[in-house]
Amino acid sequence: MEAVEDPQQTEEPTHAPSSRMTRRQLLTLISMASVNFSSMICYSILGPFFPTEAVKKGASQTVVGLIFGCYALCNLFGSLIMGRYIVQIGAKFMLIAGLFVSSGCTIVFGLLDRVPAGPAFITLCFVVRSVDAVGFAAAMTSSFAVTAKIFPNNVATVLGSLEIFTGLGLILGPPLGGWLYQLFGYEVPFMLLGCFLLLMVPFNVYILPTIDADPSKDSFFRLLSQVKIVLICFVIFTLSAGLGFLDATLSLFAIETFGLSPGYVGLILLGFSLPYCLASPVMGYFTDKYPATRSSFMVAGGVATAVGFCFLGPVPFLHIQSQLWLVVLMLSVIGFSLGMTALPTFPEIITCAYENGFQEGLSTLGMVSGLFGAVWSFGMFYGPIVGGLLTQHLSFQWAAAVQGGLAFMAAFLLAVYYLFQRPQQRVSEDGSRQTDETTPLLNE
């Protein structure tokens, strides 16, 4: 049985419904917001200028994609390990240690312009990004698990609200990084933002509550034995693959096609991050209030994402010329659809796990968080590498179309699954699903 310790006060039970946040919940929300914002702003500054800088240092576009991809690969394994052992390590320690490692790596990455061009520069990029990825995995896995533990009845609403700060990090990172790079050079963006991330360490040491729990005997393999969870993971994969593709290729495409500077490329990325930032809290609240709509949002969002990527280039067989306004518009569609698709996935996996006998508590939430982070990271590994290869050997337009095709495939498979499941499920008045065992069609 789990025990939640908070030295500052005595709390009411975690699952007790309340219209007002307790002090512990408020402090947790502030802590998670600071983690999301600081982590994402440091992550997103690379997009506008690092690919160009890396090419100057002797890296090909494929190698640039591999540098982005290695971050995601290490994040993948880090997420699985941290999610499995979050109870043994401690959620608070994991989060704070992850922030500390990420801040140090961000600062060190800013010094790599002093390294000679060629193999030395490329090798150190891989090493620093890999270590940074493990720190980021620790912070974000703990963040998702703690959020779901402290707000069990409003997971999507709280995550959607926190995505405002994630979106702010994504919004401010590219233009801030691009303009600082133009004004002061390569080092300054990393130094400033790395120090900002470092300041979040003592801040979270002070305000984040301590959460203790007993480990569970459940495993990732049992999670992945559920058809529904596998399909949702494929949806998550297509979303992150698209984002990874944009990270590695969009800046070079915009600079070569429209002659833009890195600072203006950062402003273009606002077309993606701003709609995502605005859509996330709305989608989170709506899917918490009406859980039965989660499947519809995931399917509709996947289709919208597919359309956005197909017109981003646009795909050559449409015979439409690339226009800057069309790129910004399609980035907005992709950003909005990402909020529509991604927000329901995490609470839907948690619900499916509990429905299939997983123990309620931090251990299961840690595994779900680790699985989510691992699948997301796998997409971020696939997207830059395959996107970079397709862009280098075909074109940006065809590479974007492939990403759109993946998103459509995920939406189609999920729609087929829910279509077959619908006869055996009836929705109660409060929005929860109940299974009718007399008409089984698919076994979850």
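Residues numbered from 1 in each chain as written. Predicted model: local features only at pLDDT ≥ 70, side-chain atom pairs only at ≥ 80, totals over all residues. Heavy atoms only, no water.

Enquirer: I would appreciate a short explanation of the packing of aromatic side chains in the present structure.
Expert: Geometry of an aromatic ring pair is reported as the spacing of the ring centres plus the angle between the planes. Inspection of every chain in the model, using the stated rule, returns 7 aromatic pairs. Taking the centre distance of 6.1 Å and the plane angle of 15 degrees together, the rings of Phe 234 and Phe 237 count as stacked. Placement of both Phe 234 and Phe 237 in helix H10 (residues 227-258) is noted, with a separation of 3 residues, approximately one turn of the helix. Residue Phe 234 is classed as partly exposed on the basis of its relative accessible area, which comes to 21%. Judged by its relative accessible area of 9%, Phe 237 falls in the buried class. Put simply, the rings of Phe 234, Phe 237, Phe 378 and Tyr 382 touch in pairs and so form one group of aromatic residues. (Phe/Tyr/Trp six-rings, centres within 6.5 Å; stacked < 30°, edge-to-face > 60°. Helix = DSSP H or I, 4+ residues; strand = E, 2+ residues; numbered from the N terminus. Buried < 20%, exposed > 50% of the residue type's maximum accessible area, 1.4 Å probe, protein only.)

Enquirer: Please clarify how a nonpolar patch on the surface should be interpreted in this entry.
Expert: A surface patch of nonpolar side chains, about 590 Å² in accessible area, is lined by Leu 73, Phe 77, Ile 81, Tyr 85, Ile 89 and Phe 93. If you tally residues by element for the nonpolar patch, the top one is helix H3 (residues 61-84), at 3 residues. Locating Ile 89 in the fold gives a position in helix H4 (residues 86-89). By relative accessible area, which is 34% here, Ile 89 ends up partly exposed. (Patch = residues over 30% accessible without salt bridge, like charges linked within 9 Å, V, L, I, M, F, W, Y side chains within 5 Å. Areas by Shrake-Rupley, 256 points an atom, 1.4 Å probe, with all protein chains shown as cover. Salt bridge = Lys/Arg side-chain N within 4 Å of Asp/Glu carboxyl O.)

Enquirer: Would you explain the side chain of Arg 294 in this entry?
Expert: With respect to the secondary-structure elements, Arg 294 resides in helix H13 (residues 294-312). Within the structure, the side chain of Arg 294 is placed 3.4 Å from the side chain of Thr 351, a separation counted as a polar contact. Aside from chain neighbours lying at most four places away, what touches Arg 294 is Thr 287, Asp 288, Pro 344, Pro 347, Glu 348 and Thr 351. (Polar contact = N/O pair within 3.5 Å; in protein donor to acceptor, adjacent residues only side chain to side chain. Contact = heavy atoms within 4.5 Å.)

Enquirer: So what exactly am I meant to see when it comes to H10 here?
Expert: Given 3.6 residues to a turn, an α-helix orients residues that are three or four positions apart in the same direction. Between its first and last C-alpha atoms H10 spans 44 Å; for 32 residues at 1.5 Å apiece the expected length is 46 Å, and the two agree. Its axis deflected by about 45 degrees at Thr 249, H10 carries its strongest bend there. For H10, the tally of buried residues reaches 24 of 32 residues, placing the bulk of the element in the interior. Phi turns positive, to about 65 degrees, at Gly 259, one or two residues after H10. (Expected span 1.5 Å × (residues − 1). Bend = angle between axes of the 7 residues up to and from the residue.)

Enquirer: Help me understand the pattern of salt bridges in this model?
Expert: Opposite charge on two side chains lets them pair, provided their charged atoms get close. Applying the stated criterion across every chain yields a total of 3 salt bridges. Note that Glu 187 and Arg 114 form a salt bridge whose closest N and O atoms lie 2.6 Å from each other. Placement of Glu 187 in helix H8 (residues 187-207) and of Arg 114 in the loop between helix H5 (91-109) and helix H6 (119-150) is noted, with a sequence separation of 73 residues between them. What makes Glu 187 buried here is its relative accessible area of 19%. Here Arg 114 falls in the exposed class, since its relative accessible area comes to 62%. As a salt-bridge pair, Lys 228 and Glu 348 come within 3.3 Å of each other at their nearest N and O atoms. Here the residue Lys 228 occupies a position in helix H10, and Glu 348 occupies one in helix H14 (residues 324-355), the gap between them amounting to 120 residues. Both residues of the pair, Lys 228 and Glu 348, belong to the buried class.

Enquirer: Help me understand empty space enclosed by the protein, please; the structure alone is not making it clear to me.
Expert: Where empty space is left in the structure can be found by rolling a water-sized probe over the atoms. What the rule picks out here adds up to 4 cavities of 30 Å³ or more. Approximately 810 Å³ is the volume attributed to the largest cavity. Around the largest cavity sit 40 residues that line it, and Met 40, Tyr 43, Thr 166, Leu 243 and Trp 376 are the ones nearest its centre. At the level of elements, helix H1 (23-44), H3, H6, helix H7 (155-184), H10, helix H12 (270-289), H14 and helix H15 (362-393) are the ones that each hand at least two residues to the lining of the largest cavity. Grouping the amino acids of the lining of the largest cavity by side-chain chemistry returns 26 nonpolar, 12 polar and 2 charged. (1 Å grid on protein atoms, 1.4 Å probe; cavity = no way out; pocket = protein on both sides within 12 Å on 5 of 7 lines; lining within 4 Å. Points joined across faces, edges and corners; volume = space filled by probe spheres on them. Nonpolar A, V, L, I, M, F, W, Y, C, P; charged D, E, K, R; others polar.)

Enquirer: Before we go on, may I ask you to explain the packing of H12 against H14 in this structure?
Expert: When two helices pack together, their arrangement is given by the angle between their axes and by how far apart the axes lie. At a closest axis distance of 7 Å, the pairing of H12 and H14 adopts a crossing angle of 25 degrees. By the angle between their axes, H12 is roughly parallel relative to H14. For H12 against H14, the interelement crossing comes out right-handed. For the pair formed by H12 and H14, the contact residues are Gly 271, Phe 272, Pro 275, Tyr 276, Ala 279, Ser 280, Met 283, Gly 284 and Thr 287 on the first element and Val 328, Leu 331, Ser 332, Ile 334, Gly 335, Phe 336, Leu 338, Gly 339, Met 340, Leu 343 and Pro 344 on the second. For the contact of H12 with H14, the class distribution of residues is 13 nonpolar, 7 polar and no charged. (Axes fitted to C-alpha atoms, helices over the stretch in contact; angles between N-to-C directions. Parallel < 35°, antiparallel > 145°, perpendicular 65-115°, else oblique. Left-handed = near helix turned anticlockwise from the far one by under 90°.)

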